[in-house]
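Single-letter residue listing:
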Amino acid sequence: MWFGWIEFDLLLGDVHSLKQKRAVVRPILAEIRRRFEVSAAETGGQELHRRAGLAAGLVAADATHVIEVLDGIERLVAARPEVQLLSAHRRMGSSEDE
């Protein structure tokens, strides 16, 4: 069994309230969940208007699938015109790791 997750630090565009921030972040998370069938959440910067931390994670039978899904998620987030991807960090592991 393999598991992996990816974390993003995003700079949001013309956002001046937490309500506007939610209007940007929620559709991104929904699209990640729908297209890749993974868990996804806002994980950082909840109190900031123009910054957001997002993360997604999955478990799969093989490492290749985990890598493909994480690559796809990163491409999706990077292609969103309403956000600027500042950084992306990923981790992978196996149930056999000590």
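As a starting point, this report considers the structure included with it.

Parameters at a glance
- Residues numbered from 1 in each chain as written.
- Predicted model: local features only at pLDDT ≥ 70, side-chain atom pairs only at ≥ 80, totals over all residues.
- Heavy atoms only, no water.
- Core = buried A, V, L, I, M, F, W, Y, C linked by side-chain atoms within 4.5 Å.
- Buried < 20%, exposed > 50% of the residue type's maximum accessible area, 1.4 Å probe, protein only.
- Helix = DSSP H or I, 4+ residues; strand = E, 2+ residues; numbered from the N terminus.
- Contact = heavy atoms within 4.5 Å.
- Pairing = 2+ DSSP bridges.
- Axes fitted to C-alpha atoms, helices over the stretch in contact; angles between N-to-C directions.
- Phe/Tyr/Trp six-rings, centres within 6.5 Å; stacked < 30°, edge-to-face > 60°.

The next subject is the nonpolar core. Grouped together as the largest cluster of nonpolar side chains are 25 residues, with contacts concentrated most on L12, I32, V38, I73 and V77. Elements with a contribution of two residues or more to this core: β1 (2-12), α1 (18-36), β3 (51-60) and α2 (63-78). With near-sequence residues (within four places) excluded, V77 lies in contact with F8, L10, I28, I32, V83 and L85.

Read from one edge to the other, the open sheet built from four strands follows the order β2-β3-β1-β4, with strand pairing classed as antiparallel. Two strands lie at the open edges of the sheet, namely β2 (39-44) and β4 (83-94), each paired on one side alone. Averaged over all adjacent pairs, the angle separating strand axes in this sheet is 20°, with direction ignored. Pairing geometry for β2 and β3, over five bridges, is antiparallel. Opposite A41, over in β3, you have A55 as the bridge partner. Across the sheet, α1 is in contact with β1, β2, β3 and β4; its angle to β2 comes to roughly 150°.

Quick look at the packing of aromatic side chains now. Evaluated as defined, the whole model comprises one aromatic pair. A ring pair is formed by F3 and W5, whose centres lie 6.3 Å apart and whose planes are at 5°; its orientation type is stacked. Residue W5 is classed as partly exposed on the basis of its relative accessible area of 34%.

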